[in-house]
Every structure is written in C-alpha cells, then in structure tokens.
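Structural description and commentary
If you want the building blocks of each chain, they are given just below.
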Amino acid sequence: MNDFLSPLGIEATNPGGYDGTWIRTDGEVIQSHSPATGQAIGGVTMCGRVEYERVMQAAIDAQRRWREVPAPIRGEYVRKIGLAFREMKEPLGAIVTAECGKIYQEGLGEIQECVDIADFAVGLSRQLYGLTMPSERSQHSMRETWHPLGTIGVITAFNFPAAVWAWNAMVSLVCGNAQIWKPSLKTPLTAIAMTKVAAKVLEEDGFGALIGLIIGSDDEVGSAMLDDKRLPLISATGSTRMGRIVGERVGKRLGRSLLELGGNNAIIVMDDADLDLAVRGIVFGAVGTAGQRCTTTRRILVHESIAADLEQRLVDAYKTVSIGNPLSEDTLMGPLIDKDAVTMFQNAVAAAREQGGEVLTGGDVHPMFGDEAGGHYVQPTIVRARHDMPIVHEETFAPILYVIPIQDVEQAIEWQNDVPQGLSSSIFTLNARHAERFLSAVGSDCGIANVNIGTSGAEIGGAFGGEKDTGGGRESGSDSWKAYMRRQTSTVNWGTELPLAQGIQFGS
Ligand code: UN1
C-alpha cells in the first residue's frame, strides 16, 4: 500500500534534521501514523537544541553566499524545484494523504499548489521592483531597494503539510533568504519528503542548507526559534492560541511575525442566489479536508425566505458524501487528524445542542470510527443555529456547519463580521448591489471576500491571510514577497553642493 514511500526516500526510521546533510540523532523516535488506519507509516528521530544550532548556523552560512546570487538566477533554482515537484506530484500527494488524511485529490491539489507557487516565484525573481522618487534637492536622486532579510523561520500546521511551507520557501528563496522549517509533529514525513525533493536541486551547488529542516518539540525547537534574534521573521500557521504566543515572543525581541491563524468563515446566501452553485460551494467548503482547512466554511447566513429549502438541499447533499479511506478514489471525506480532534468535534456538537442548536444531519462519530491509533472518522454535521450561540463564534477544526437565517444583506454582513476571526468569506447572490456592498469598505472585514464561490480553495496568485484573530499576515501571491525582504531608502548626491532637506541652513 505504501509504495509511494520508496520513490520519496522515506525509510522505516528517518533523520529529523537537515542542514545540507541529513541529521540522524540517537534521541527519541516519533512514529507517524495514518489517521485513517492507524498504521505506522514511518519513524523520525527528533532534534533538539544542538541540532537546531547546527541547522541555524548552516543556513546563515549558505545565505551569505545566496544573497550574492542574482535574483533571476535564484529563480532558476526555484524553477528546477518546481519541475521536481511536478515529477514527484503523485508520491508527494499520496504521502500528504497518508499522513494528514485529506483525500488523494486534495493531496494532489496541495502539491499542485507547491508547483504553482514555484512558478509564481520564478516570475517574481525578475520583478522584485523597487521605486524611484523625485528628490526635493537639486542634483540628487532617491530610490527604494528591496534586500533579503536573512534567514527566516517557518512553522507549519498538519492540515497543509506541504503547501504552506512552499508558499513561504519558494517566495523567500527568490528573495534571497535561507529558511529553517519546523513542521507539525503530526506530519513529519511529508516535510522530510518535500525537503528531499527540493534539496536535490539545491545540493548540486552546495545550497542545501538554504532549506533547513528541524523536526522537534515546541519546547526545544519552537521556543529556540521564537527567541532567536538571528531569525528576523517567523512565519507561523496554526491556531490563534499558538499565534498569540508567537506574536508576543517574537515581538518582544522586535522581530517580525507573519501570522496565518484560525478562521470562522461564513457564506452568505441571498434569496436571489443560484442555489445549485451555492450548495456545491458550501459542501466543498464545509466537508473538504474534513473541515480542517483554515478556510473551511463554518457558518451559512441564509436569507430566511429560502432557509428551509437550502437546509433540505444541504442535508440531501451530505447524505451522498462518501466517507472512508482517503487514498481510495471514491472517498470524498477522510478522517480527522487524531483522537483529540474527534473529542473537540464531539464537544462542539454537545455545546451546540446545549445552546439550542438543532442537529439536522450528522452529529456523531462515523460507524468506521476506530481506536486510539487510527480511524478518526466523524459524520459531516449541519446544525440549525442562532448567531448568539457562543459556539458559533469559535473555530472547531471539524466538519460542523452552522446554518443561521438572516433578514437582509445588512444583517448578514454584520453577523458575518461579528466573530473574532477574519480570514475568508463569501456571498452567493446574482444582485450586483449585494455583491458590491459585500466587497466594499462597509462589507466583509475578512482578508478574503468572494462572490459566487466558496470560502476555501484560494489560488496562489492572491495574497492569502486575514485580519483580527487570524493574525494579519499575508502569504503566497500578490506583493506578499515584501514581507520576506527589507526595504532600503537611498538618496544619492551627484552634485558639488550639500543642500539639506527641508531647506535647513546649518552653518556655512
Ligand atoms: C490553510 O488551511 O492553512 O484556500 C490553507 C485554501 C487553500 C489553503 C488553505 N489554498 O483553502
């Protein structure tokens, strides 16, 4: 079954660190288990502070050489990495699926996202544009240039175990940085596989250490990264709770953090919506990745006149969702990542019931639910809810959808915004006034606001991230690259006088 492991070079026990060479410690070995079957996929030797220092030092040394490589040549390396991702798309997609439990189509989609961001970064490597501005002084010129930041830290979550690293690493590489990656301990093998594929390209010229990998605990490795002044930027994806710790600790040393945290994403469905489109968008958004995307649709704010109809259509659609082993082609929804996630699902459903919600479908573990090691299957769940139920304002990383009736577009937008998180949002409407209001300054307060498509599945070309408890960071496309560079303003005097700005006269 695991025939995708050998092309990726994954063994029974794998080294958990990479600094240009693989670092195998004789410390603790963690096992990565399939959340579907509980089967052990492979072990990893954990890194600690000593290995951290080694990876860090190698990254710094490599970056000193890398920053002198012209950006378009850096892009050429990234082009080759993108080709390597393409070649290994199937085994990489399979390891994503095996480790985090998303279905194989989504595993492949995740690797496609890595290919896409590599392509984007190649183009970007010739477009790291600065500015020139007119100087107020005669015979002076002024310009703004972008330089590499140095070495950056990347902390990623289990649910996008490959793509989120690639968003950061591909862009940051062309910007001239090295990075060290601390992946989720729930998906270490994907991190090793991604690093191996990309490192093959970089190692040819002794640049492997630019993509350092350090698999270790939050206490040992995560903590070291947060306090390390040699990392001017920490890009972290995960829960809002984790993001607060990162933001505070990195801020204390005046480092920068790029945070991409929780979402509580709503779809507004107006009475003039194309309901066929809306149902498809909602089901993919709510059930895809078993509700474990930060962009997952968690709330439906539906016009009261069509609420009953939409509820019925959704309940019918949910009945057709095939649940099972994510590697099997017929499956639409795989398991949750682990036992704790199932418990959180159960607690949220119980809270929703207590607070007056009515479960319309699902609400329990799935008959395939298994023991501690694997089989973390739950039923995709729809709850008829009210906006004032406290649980509706929380992000539960599971396929629970709250359906809430609204009276008009104003109320829908108000409620859509009235949660702590601000990542993604959508409206389904054929009325241009509703759509434009939703996208305007009095509309959605989220980083992502869509019309007639769902909340999840963003393309890499846009900036990805959100406001409020989502952390404010932007990764991936558009001008997100600026977060990975430092800006330098330069004024050059090519004349024979030394005039001062603001017309100040200072001595003779
Ligand atoms: C995440 O869940 O952390 O927009 C990222 C999407 C994906 C990325 C999700 N492209 O759903």
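Keep in mind the model is a prediction, meaning the values are calculated, not measured. (Residues numbered from 1 in each chain as written. Predicted model: local features only at pLDDT ≥ 70, side-chain atom pairs only at ≥ 80, totals over all residues. Heavy atoms only, no water.)

On to the site of the ligand, then. All residues in the neighbourhood of the ligand are listed as Glu113, Asn159, Phe160, Trp167, Glu260, Arg293, Cys294, Thr295, Ser456, Gly457, Ala458 and Phe464. One of the side-chain nitrogen or oxygen atoms of Thr295 is found 2.7 Å away from an oxygen atom of the ligand. Within the complex, 99% of the 330 Å² of free accessible area of the ligand lies under protein. When grouped by side-chain class, the residues that make up the shell around the ligand number five nonpolar, four polar and three charged. Summarising the domain contributions, the shell around the ligand has at least three residues from each of domain 1 (16–261 + 471–488) and domain 2 (265–459). (Near = heavy atom within 4 Å. Polar contact = N/O pair within 3.5 Å; in protein donor to acceptor, adjacent residues only side chain to side chain. Areas by Shrake-Rupley, 256 points an atom, 1.4 Å probe, with all protein chains shown as cover. Nonpolar A, V, L, I, M, F, W, Y, C, P; charged D, E, K, R; others polar. Domains from an automatic or database assignment.)

This part covers helix 8 (residues 240–252). Helix length check: helix 8 (13 residues) gives 18 Å between terminal C-alpha atoms against 18 Å at 1.5 Å per residue, within 8%. Every buried residue of helix 8 is listed here: Thr240, Met242, Gly243, Val246 and Val250. An end-on view of helix 8 places all buried positions within 145 degrees of arc, on one side of the element. In helix 8, the exposed residues that point more than 90 degrees away from the buried face are Arg241, Glu248 and Lys252. Taken together, the buried residues of helix 8 touch helix 7 (218–227), strand 11 (233–237) and strand 12 (256–260). Where helix 8 ends, the next residue or the one after it, Leu254, has phi of about 60 degrees, a positive value. (Helix = DSSP H or I, 4+ residues; strand = E, 2+ residues; numbered from the N terminus. Expected span 1.5 Å × (residues − 1). Buried < 20%, exposed > 50% of the residue type's maximum accessible area, 1.4 Å probe, protein only. Arc of directions from axis to C-beta. Contact = heavy atoms within 4.5 Å.)

Moving on: helix 13 (residues 432–439). Because an α-helix packs 3.6 residues into every turn, residues spaced three or four apart end up facing the same way. If you check which residues of helix 13 are buried, you get His434, Ala435 and Phe438. Buried residues in helix 13, looked at end-on, bunch into an arc of 95 degrees, giving them a common side. The exposed set on the far side of helix 13, more than 90 degrees from its buried face, consists of Ala432, Arg433 and Glu436. Measuring from the backbone nitrogen of Arg433 back to the side-chain oxygen at the start of helix 13 gives 2.8 Å, which picks out Asn431 as the cap.

Moving on, we get to a nonpolar patch on the surface. Together, Leu500, Ile504 and Phe506 give the surface a local cluster of nonpolar side chains, amounting to about 340 Å² of exposed area. Inspection of the secondary structure puts Ile504 in the segment after strand 24 (485–493). A relative accessible area of 46% means that Ile504 is categorised as partly exposed. (Patch = residues over 30% accessible without salt bridge, like charges linked within 9 Å, V, L, I, M, F, W, Y side chains within 5 Å. Salt bridge = Lys/Arg side-chain N within 4 Å of Asp/Glu carboxyl O.)

Another aspect to go through is the domain arrangement of the protein. Along its sequence, the protein is carved into domain 1 (16–261 + 471–488) and domain 2 (265–459). Taking the mean C-alpha position of each, domain 1 and domain 2 sit 30 Å from one another. Counting residues at the interface gives 22 residues for domain 1, matched by 25 residues for domain 2. Summing both sides of the interface, domain 1 and domain 2 together bury roughly 1800 Å²; the carbon and sulfur share of this comes to 60%. A per-residue breakdown of the area domain 1 buries against domain 2 is headed by Pro35, Ile103 and Glu106, which together make up 26% of the total. Counting across the interface, domain 1 meets domain 2 through two salt bridges. The salt bridge involving Asp338 is made with Lys186; its shortest N-O contact spans 3.5 Å. Broken down by secondary-structure element, the contributors of at least two residues to the side of domain 1 that touches domain 2 are helix 3 (89–100) and helix 4 (104–124). In terms of residue count, helix 3 provides more of the side of domain 1 that touches domain 2 than any other element does, four residues in total. Of the residues in the side of domain 1 that touches domain 2, the class split is nine nonpolar, seven polar and six charged. (Buried area = accessible area lost by both parts, 1.4 Å probe.)

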